[in-house]
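Each chain, written out:
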Amino acid sequence: MDKVMMTKKEYDNNVAKLGELKDKLPGAADMLKEARSHGDLSENSEFDAAREYLLNLEAEIETLEAEINNAEIINEAELTTEVVKVGHKVKVKDTDSKKEMTFVIVGKTESDPFCVPAKVSNESPVGMGLLGHGVGDKVEIFVPGGARHFKILAINKREE
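First, a word on scope: everything that follows refers to the structure included in this document. Because the structure is a prediction, the values reported are computed rather than measured.

Quick word on unusual backbone geometry
The linkage connecting Val 116 with the following residue, Pro 117, adopts the cis geometry, with an omega of -5°. Here Pro 117 shows up in the loop between β4 (100-106) and β5 (118-121). Of note in the backbone geometry, Lys 98 takes a positive phi value of approximately 70° without being a glycine. In this structure, Lys 98 sits in the loop between β3 (88-94) and β4.

Focus: the sheet that holds strand β6 (residues 138-143)
Within a sheet, neighbouring strands are paired by backbone hydrogen bonds and run either parallel or antiparallel to one another. Sheet architecture is open: five strands sit in the order β5-β4-β3-β7-β6, paired in mixed fashion. Two strands in the sheet have a free side with no partner beyond their single neighbour: β5 and β6. Between one strand and the next, the sheet's axes are offset by a mean angle of 45°, whatever the strand orientation. Looking at chain direction, β3 and β4 are connected through five bridges and run antiparallel. Paired with Lys 93 across the bridge in β4 is Glu 100.

Conventions adopted
- Residues numbered from 1 in each chain as written.
- Predicted model: local features only at pLDDT ≥ 70, side-chain atom pairs only at ≥ 80, totals over all residues.
- Heavy atoms only, no water.
- Helix = DSSP H or I, 4+ residues; strand = E, 2+ residues; numbered from the N terminus.
- Pairing = 2+ DSSP bridges.
- Axes fitted to C-alpha atoms, helices over the stretch in contact; angles between N-to-C directions.

Given below as structure tokens:
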């Protein structure tokens, strides 16, 4: 697995979430054991549901562990605002619609495109397209709806 870029806050949140998920494992195993005791497994929907829950829980734990183990933690206090990096708040102008937008570039586990300002993953088309560019740069970003053209107006450290 490649390095997963994330802020310290994001890393700490993932470690806490991993702990919460691992705490659920014994209960999920007990649910499966209880459902198994109800007899014929071929027609036991309770067993199927418990097994599915346990498998999903284990898969989520495995994914989080891999991301934590491959984390590259961004020290936001040391970020300069010369070029866009993970942890920056970026103000752009869509040169086609003339609309101004602000994005916070975050690691993939912290992304939330619906909050204000939108938190976009460094692995998303917009995040990847902005990374490494400076104020005044014009970038063309290909998104599912087609090409978007942005001019970077400002790069700031994000405030929490």
